[in-house]
Amino acid sequence: MEVAALRALQSQRLRESVARVYETVPHYRAKLDAAGVKPADIRGLEDIGRLPFTTKDDLRETYPFGLFAAPMEEVVRLHASSGTTGKSTVVGYTRGDVRMWAEVIARTLAAGGTHRGDVVQNSYGYGLFTGGLGLHYGAELIGTSVIPTSGGQTRRQVQIMQDFGSTVLCCTPSYALVIAEAGREMGVDFGKLPLRVGFLGAEPWSQTMRLEIEAAAGIDALDIYGLSEIIGPGVSFECLHKAGLHVNEDHFYPEVINPDTGEPVAEGELGELVFTAFTKEALPLLRYRTRDLSVLIPGPCQCGRTLRRMEHVTGRSDDMLIIRGVNVFPSQIEEVLVGIEGTTPNYLLVVDRKPRQMDELEVQVEVSAETFSDEMAKLEALTARIRREIESVLGLTVSVRLVEPKMLARSEGKARRVMDRRDLG
Amino acid sequence: MSAIQISVFLENKSGRLAEVTRTLAEAGVNIRALSLAETIDYGVLRLIVDKPGEARDALRRAGFTVSETEVIAVEMPDRPGGLAEVVDLVTRRGLNIEYLYAFVGQRGEHAVVIFRIDAAEEARAALKEGGARVLSAAELSRI
C-alpha cells in the first residue's frame, strides 16, 4: 500500500475507534473527558497526541473485562498473561479479531517465505499464553500443515521434526536452541532436514543468538514481536532481509515516546513503544504503553514493504523481565515472600542464559533472624515452599537459594532487585 | 539454665568459616565443640562455646545471621556403648532427635553429647530418670 493511502486509512481507523470506545467503554469515556478530549477533536493521526495513554493500570483497574468494547456475547476467546500484582491481564477477541489476528500472522509467516505445502511445527505453548493459538490460526489461514506440538518434550519435538518433515519452526529463541541441542545429542544432522525458517519471539534476544540458532539449526531465524494487550504475536515481524521488524501498522499504529515525559522522540531515536490497536473490536486500546524500548527505523526496507520497521526490542522502561515467554515482575515475587515471612526480605532475581539452554531464573533470598533455623530440614522446607509458591504465581520453574544477609548488593534508595546476565544486545 | 548452642547461617563461599572463627577469636570466645551441616548452597554451623552471649553479639555485629538454640548436653562415659545407652533413653520414649553431635572432654574420661530435640522437657526428664548426667549451661561452659 502507498504510504499516503496507508496514512489516510490509519486516520480514518483512528477516528472510528476513538468514537467507538467513547461510546461503549465507560472507563475510556471518563479518561477522555478528564483529558478534555471529545471524539470530534480527533480528526486524524495528527491529533493522536491529544489522546491520553493507556497503561497496565487501566487494565488492572477494570479487571477483568472492563475495557472490552464488545459485549461478551461477541467475545469468542479470552487469553491472559501475568500482571504486576498477582491479577493477570485479560484480553478478549471477537470473531473479527481472531480473523484479523490470523491475517497478520499469515503476513508474518509469508514474509519468511512460508506457503501452502509447508509443515509448520508450532512449539509455542498452547493455553492462556497467546503464542500457541496465535501462530496456529495464521498458519492454517495460509494453508500450511500445522503440528500443534506446544512446548516441552524436546526429544519428541526432534522426532516429529524428522518424521513429519517440518519446514517451519515457531517457538521462543531459547527453545530453538534447546531443540537444536537435543537434536545434536540424538545425532540429527539439521543440514539434511527440510527445516528452513524459524519465527522466534516472546522474549528478547540478540544478534549473537540469531547467528547461533541459524548455525545450529540450519535455518533463517526471524524475530517476531507482540504483546497480548495489543493482539499477541503478530504486532510486528521480520522479513528475510532481517533489517528490523515491520509493524502491521494498518492495525497497530506505532509511536515512540520518551518514557519520562510522554512526548514523542525525534525520528530514529530510542524510546518506549506505544501502540493503538484501532481495528480491534473486543479490546481496542488507545496509545497503549508497552514499556518496551525500541526505535522506529526511518526509510524503506529492501523488500519493498511500506510498513514501517522497528528495531529488536532490547530493553524495558520498567523492571519487568520476560523469561521463556512469561512476564515476571519483581513485585510478584516480593508478594510471595511477604506472604511467607510477614515482612519484605531482601532478595535478588538473577536471570541467566547458559549456552544452548533455556533462560533460568534464580531467586536469592536473604535469610533473616525470623526465618533462620538451626535445623536443615526446616531451611530446606522453607526453600521448597518459596519455590512452590513462586512457581504457582508465575507459572514458571525457578530455583531458590538462601543467602546470607547483606551479601546482596544494596544501592542508594531503591534496592537492586534484578540481575540480568543474558546477552540481549 | 539449659545449655545454649550458637547457630550460624553460612553461604558456601570460601572464607566464611574462617571469618566466623576469627570473629570469635577477637571476642575472646573459646570454641568447645562444633558441627557443620551443609547443602550445595549453604550450611549451618553449630557451636558450643564458653561464652555464648559474647559469641552471639560479636557474630551479629559482624553481620552473620545467628540464633541461640536450646540443646541438651549429656555427659557419658567415654567407652564403647556409651552413646548407645544415652540415645536409647530418648528414643525409647518415642522422642525424635533432630540432630546430635559429641565431643570428648578435656580429661578424656567422659564424652559429652549434644542433643537437639523438639520435646526438650520430656527428653530431659527421660535422661535424668535413666541416670544420665544432664549438664547445666554453667557446667557445659566449664568443660
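Residues numbered from 1 in each chain as written. Chains lettered and ligands numbered in written order. Predicted model: local features only at pLDDT ≥ 70, side-chain atom pairs only at ≥ 80, totals over all residues.

Draft legend 1. Representation of the overall build of chain A. For chain A, the count of helices and strands is 10 helices and 21 strands. Its C-alpha atoms give chain A a radius of gyration of 22 Å, near enough to 22 Å, the size a compact globule of 425 residues would have. By its C-alpha atoms, chain A is 70 × 60 × 45 Å across when sized along the principal axes. Put simply, chain A has 425 residues, and 44% of those count as buried. The long-range share in chain A, meaning contacts at least 24 apart out of those at least 6 apart in sequence, stands at 66%. (Helix = DSSP H or I, 4+ residues; strand = E, 2+ residues; numbered from the N terminus. Rg over C-alpha atoms; globule rule 2.2 N^0.38 Å. Buried ≥ 20, exposed ≤ 12 C-beta atoms within 10 Å, placed from the backbone. Contact = placed C-beta atoms within 7 Å.)

Draft legend 2. Fine view of the pairing of strand 5 (residues 168–171) of chain A. All names here are of chain A. Every second residue of strand 5 is oriented toward a common face, with Val168 and Cys170 on one face and Leu169 and Cys171 on the other, all of them buried. Where strand 3 (residues 119–122) lies against strand 5, 3 bridges are found, and the strand directions are parallel. Along strand 5, the bridge assignment pairs Asn122 with Cys170. The pairing of strand 5 with strand 6 (residues 197–201) spans 4 bridges and is classified as parallel. (Pairing = 2+ DSSP bridges.)

Draft legend 3. Geometry of the environment of B:Ser141. Residues and elements named next belong to chain B. Relative to the elements of secondary structure, Ser141 occurs in helix 5 (residues 137–142). A residue is classified by how many C-beta atoms lie within 10 Å of it, and Ser141, with 17 of them, is partly exposed. C-alpha of Ser141 to C-alpha of Val49: the two residues are 92 residues apart in sequence and 6.7 Å apart in space.

Draft legend 4. Up close: the packing of helix 1 (residues 16–26) of chain B against helix 2 (residues 52–61) of chain B. Residues and elements named next belong to chain B. Contact pair helix 1 / helix 2: the axes reach a minimum separation of 9 Å and the direction vectors enclose 125 degrees. Between helix 1 and helix 2, the angle is such that the two are oblique. The interaxial crossing formed by helix 1 with helix 2 has right-handed handedness. Residue-level contacts link Val20, Thr23 and Leu24 of helix 1 to Ala55, Ala58 and Leu59 of helix 2. Within the contact of helix 1 with helix 2, the residues separate by chemical class into 5 nonpolar, 1 polar and no charged. (Axes fitted to C-alpha atoms, helices over the stretch in contact; angles between N-to-C directions. Parallel < 35°, antiparallel > 145°, perpendicular 65-115°, else oblique. Left-handed = near helix turned anticlockwise from the far one by under 90°. Nonpolar A, V, L, I, M, F, W, Y, C, P; charged D, E, K, R; others polar.)

Draft legend 5. Geometry of helix 6 (residues 154–164) of chain A. Residues and elements named next belong to chain A. Of the residues making up helix 6, those classed as buried are Thr154, Gln157, Val158 and Met161. One face of helix 6 carries all of its buried residues, which in axial projection span an arc of 95 degrees. Within helix 6, the exposed residues directed more than 90 degrees away from the buried face are Arg155, Arg156 and Asp163. Looking at the packing, one finds that the buried side of helix 6 touches strand 3 and helix 7 (173–185). (Arc of directions from axis to C-beta.)

Draft legend 6. Representation of the sheet that holds strand 11 (residues 271–277) of chain A in the model. Residue and element names in this part refer to chain A. Taken in spatial order, the 4 strands line up as 10-11-12-15 in an open sheet, and their pairing is antiparallel. Of all strands in the sheet, those bounded by a partner on one side alone are strand 10 (252–257) and strand 15 (315–316). The pairing of strand 12 (residues 288–294) with strand 15 spans 2 bridges and is antiparallel. What sits directly across from Leu293, in strand 15, is Gly315.

Draft legend 7. Layout of the domain arrangement of chain A. All names here are of chain A. Structurally, chain A comprises domain 1 (91–318) and domain 2 (326–420). Each of domain 1 and domain 2 has a C-alpha centre, and the two are 31 Å apart. The residue makeup of the side of domain 1 that touches domain 2, split by class, is 3 nonpolar, 1 polar and 1 charged. (Domains from an automatic or database assignment.)

Draft legend 8. How the structure looks around the interface of chain B and chain A. Each partner contributes to the interface: chain B provides 15 residues, whereas chain A provides 14 residues. Counting only elements with at least two residues in the side of chain B that touches chain A, the list comes to strand 1 (3–11), strand 3 (42–49) and strand 4 (66–77) of chain B. Grouping the amino acids of the side of chain B that touches chain A by side-chain chemistry returns 4 nonpolar, 6 polar and 5 charged.

Draft legend 9. Region of interest: the domain arrangement of chain B. Residue and element names in this part refer to chain B. The domain boundaries assigned to chain B delineate domain 1 (3–69) and domain 2 (70–142). Tallying the contact residues gives 9 residues for domain 1 and 12 residues for domain 2. Those elements giving two or more residues to the side of domain 1 that touches domain 2 turn out to be strand 1 and strand 2 (31–38). In the side of domain 1 that touches domain 2, the residues fall into 4 nonpolar, 3 polar and 2 charged.

Draft legend 10. Summary view of the environment of B:Thr21. As for its position among the elements, B:Thr21 is in helix 1. With 38 residues separating them along the chain, B:Thr21 and B:Leu59 place their C-alpha atoms 9.6 Å apart.

Draft legend 11. Structural view of unusual backbone geometry. All names here are of chain A. Backbone torsion omega between Tyr63 and Pro64 reads 0 degrees, so that peptide bond is classified as cis. Looking at the element boundaries, Pro64 is found in the loop between helix 3 (56–61) and strand 1 (75–81). If you check the backbone angles, Ala202 has positive phi at about 75 degrees while not being a glycine. Among the structural elements, Ala202 can be located in the loop between strand 6 and helix 8 (207–217).

Draft legend 12. Representation of the packing of helix 4 (residues 95–111) of chain A against helix 5 (residues 130–142) of chain A in the model. Residue and element names in this part refer to chain A. Running from N to C, helix 4 and helix 5 point in directions that differ by 75 degrees, and their axes come no closer than 7 Å. The angle between the axes of helix 4 and helix 5 places the two elements in the roughly perpendicular class. Of helix 5, the residues touching helix 4 (which contributes Val98, Trp101, Ala102, Glu103, Ile105, Ala106, Thr108, Leu109 and Ala110) are Gly134, Leu135, Tyr137, Gly138, Ala139, Leu141 and Ile142. When the residues that make up the contact of helix 4 with helix 5 are grouped by side-chain class, the tally is 12 nonpolar, 3 polar and 1 charged.

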